[in-house]
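The lines below spell out each chain.
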Amino acid sequence: MIYNAPIKDMLFLVNEWIGLDKVIALPGYEEVDAELFEAILEEADRFSGTELLSINRDGDEHGAKFENGTVTTPPGFKEAYTQFIENGWAGIDADPEHGGQGLPKVLQNLIDEMVGAVNVSFKLYTELSRGAYHLMNHAASDEIREKYLPKMVEGVWSGTMCLTEAHCGTDLGLLNTKAVPAGDGTYKLSGTKIFITSGDHDLTENILHLVIARIEGAPAGTRGISLFLVPKILVNEDGSLGERNAVNTASIEHKMGIRASATCTLNFDDATGYLIGEENRGLAAMFKMMNIERMTVGLQGLGLSEIAYQNARDYAQERTQSKAPAPRPDDSKPADPIIYQPEMQRQLLTIRSQVEGARALSVFTGLHVDIMERSADEAAAADAENTVALLTPVIKAHFSDLGMSSTLSAQQIYGGHGYVREHGMEQLVRDCRIAPIYEGTNEVQAIDLVARKITGKTGEFADRFLASWQEFLREHEDDEKVAAIVGPAAVALECLIDTTRWLREKVQSDDATARGAASQYLRLFALTIIACMWSQIIVSIRDKEGSFYDIKRKLARFYMQQVLPETSALAATIIQGADALADFEVSDLVGQ
Ligand SMILES: Cc1cc2nc3c(=O)[nH]c(=O)nc-3n(C[C@H](O)[C@H](O)[C@H](O)COP(=O)(O)OP(=O)(O)OC[C@H]3O[C@@H](n4cnc5c(N)ncnc54)[C@H](O)[C@@H]3O)c2cc1C
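Residues numbered from 1 in each chain as written. Predicted model: local features only at pLDDT ≥ 70, side-chain atom pairs only at ≥ 80, totals over all residues.

Peer 1: Sorry if this is basic, but what is going on with the environment of Asp383 here?
Peer 2: For Asp383, the position within the fold is in helix 11 (residues 378-413). Note on Asp383: 19 C-beta atoms within 10 Å, which makes it partly exposed. In the structure, Asp383 is positioned 359 residues away from Ile24 in sequence and 19 Å away in space, judged by C-alpha atoms. (Helix = DSSP H or I, 4+ residues; strand = E, 2+ residues; numbered from the N terminus. Buried ≥ 20, exposed ≤ 12 C-beta atoms within 10 Å, placed from the backbone.)

Pasting the structure below:
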């Protein structure tokens, strides 16, 4: 298995497309420049493509192990983690006040894509910590932040997100974990959380669990959920490690993929917890972490698509089968490399044209996270916040679905050799399969988009967002140098705007029908927005010459002609297909 981070494309997107100057202009990023940006990407590529990739296969075969109540990570993980923290990767976008590097989110997104490509299991040991850090930095008291955050940034303590219980996955309002005030400002937590990623392991000295629970007497449902910090080992006043807290690992899961990642059942038996934020406002605070994780899960899908593409492309050049259609590369040979088969080319290009468009959306969204967090211009920051809120479910769901379709296509290109273990393609498929499920299933992301993001106040923003893209496309659709790209994008956008209007009405009048169309709508939205990204890229390189830009133009055209047409079928399915779904009763499904 090989992986070379697509640094050229990444730098093109940041330097030439969005413009690094827009990032550097934000308060706090004055010390970032193109050289630093490139040097960090190159170092991330080196670390990912060598250290992390080299332990991915063994990690899958060995798996995380649970013995005598403790979890051990597979061989090589500890050494790789030591390098990870020594090189400062744990604190890339963390606050300098806690020892972090305070670098832009747009850079973090690109690093996340690389690490997700080469070793999802390893990434999971680090990414929940990052989310936990940002949540605590956002919502915890000064005392808690000072005591815990520097160790998290140093990477010697890690974090988890403890939401799920056996009977309560999507619907967190059902949770049973209880918190009882201990009388000294702390709480005693009891309950069992399942499926907790990195709930226990041997990579860090301490693990900080962020747990949602209901304080005795709190209202039922999501309005009675509070958030607590429950350290695995209690921390003394002076910051040193004290007694073991009453949190124990009951078991770890045996899984289809990400086998090196420990997915734990944790028992809390009167464990000491510290309230984060206000009582009963825990879920709102937790969303800070969940939104970071949603983005990063999407980036797993993007990374896996890229590595699947690179390996399938190389294999297709080596594997000779059948004679290719004319013109053949070498008429004297009995068979040609399968990359000369148009079917194989189509599958490779379908992956690549979507991956490069999706990467542009990742960079675009990363920039908006930076603006949201740093801009001194309040209106710009508010707009950026709305943009990020709108695009987060789209990135989570669409990129993880893209990861599935790309890894499956790449596996197909290997034929039977992709189905067997040898080349590692089946591991990519298995490792990707969790991405559409965890961090809120993709169905839940779609409902978030339909029921929250395109309706009400955020709906007004969504209209403005789509209208601004419409204006951009209209401005350029008659320019014959870019019309082949911008024209189809403009048609798809009209269709998205019409469908959005229709669906918004349905949300008010017939919620069931609207929800039945949510996943199809999210796909329509994602394919169209990626077409907008491609259009803006092509306009930005309109007069540039050279093979790099020519390939971009060809890929954009391929996307418009081979991928984007699905949007009209999706719109038709959503609008005309609504009645067919509404005709069914549950009894029709289960009755016969
Ligand atoms: C490997 C792994 C790691 C995980 N890591 C963590 C972790 O670190 N922390 C944590 O707290 N949890 C974690 N989870 C839990 C994960 O987030 C949940 O599995 C996920 O949110 C779905 O919950 P569930 O499995 O209970 O499925 P359910 O909620 O029972 O859903 C079953 C099906 O019903 C659908 N469904 C449910 N409600 C709706 C709705 N309102 N509208 C439409 N469809 C709906 C779902 O989309 C799904 O297809 C992990 C899970 C796994 C497998």
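Peer 1: Quick question: what am I supposed to make of the domain arrangement of the protein chain here?
Peer 2: You'll often see interface size given as the accessible area lost when the parts meet. Domain boundaries assigned for the protein chain yield domain 1 (7-139), domain 2 (157-282) and domain 3 (459-579). Here the C-alpha centroids of domain 1 and domain 2 sit 25 Å apart. Taken residue by residue, the interface counts 26 residues in domain 1 and 24 residues in domain 2. Elements with a minimum of two residues in the side of domain 1 that touches domain 2: helix 4 (56-62), strand 2 (70-72), helix 5 (77-86) and helix 7 (120-139). Per-element accounting of the side of domain 1 that touches domain 2 gives the leading share, 12 residues, to helix 7. (Domains from an automatic or database assignment. Contact = placed C-beta atoms within 7 Å.)

Peer 1: Could you clarify how one ought to interpret unusual backbone geometry in this entry?
Peer 2: A negative phi angle characterises most non-glycine residues, just as the trans form characterises most peptide bonds. In this structure, the amide linkage connecting Ala326 to the following residue, Pro327, adopts the cis form with an omega of -5°. Checked against the element boundaries, Pro327 lands in the loop between helix 9 (282-318) and helix 10 (342-374). At Ser198, a position not held by glycine, the phi torsion is positive, near 60°. Its place among the elements puts Ser198 in the loop between strand 5 (187-197) and strand 6 (206-215). Classification of Ser198 by C-beta neighbours within 10 Å gives buried; the count is 28. One non-glycine residue, Asn280, lies in the positive phi region at around 65°. With respect to the secondary-structure elements, Asn280 resides in the loop between strand 11 (263-276) and helix 9. For Asn280, a count of 17 C-beta atoms within 10 Å puts it in the partly exposed group.

Peer 1: Quick question: what am I supposed to make of the nonpolar core here?
Peer 2: One recurring pattern in soluble globular proteins is that nonpolar side chains are buried together. Within the largest apolar cluster, 176 residues are counted, with the highest numbers of intra-cluster contacts made by Phe228, Ala489 and Tyr521. Those residues in contact with Phe228 that lie beyond four places of it in its chain are Ala179, Tyr187, Leu189, Val211, Ala213, Gly273, Tyr274, Leu275 and Ile276. (Core = buried A, V, L, I, M, F, W, Y, C linked by C-beta atoms within 7 Å.)

Peer 1: Got a minute to help me understand the site of the ligand in this structure?
Peer 2: Lining the immediate surroundings of the ligand are 20 residues, of which Leu163, Gly169, Thr170, Thr197 and Thr441 lie closest. When residues of the shell around the ligand are traced back to their parent elements, those giving at least two are strand 3 (157-162), strand 5 and helix 14 (442-453). Taken together, the residues that form the shell around the ligand break down as 10 nonpolar, 7 polar and 3 charged. (Near = placed C-beta within 6 Å. Nonpolar A, V, L, I, M, F, W, Y, C, P; charged D, E, K, R; others polar.)

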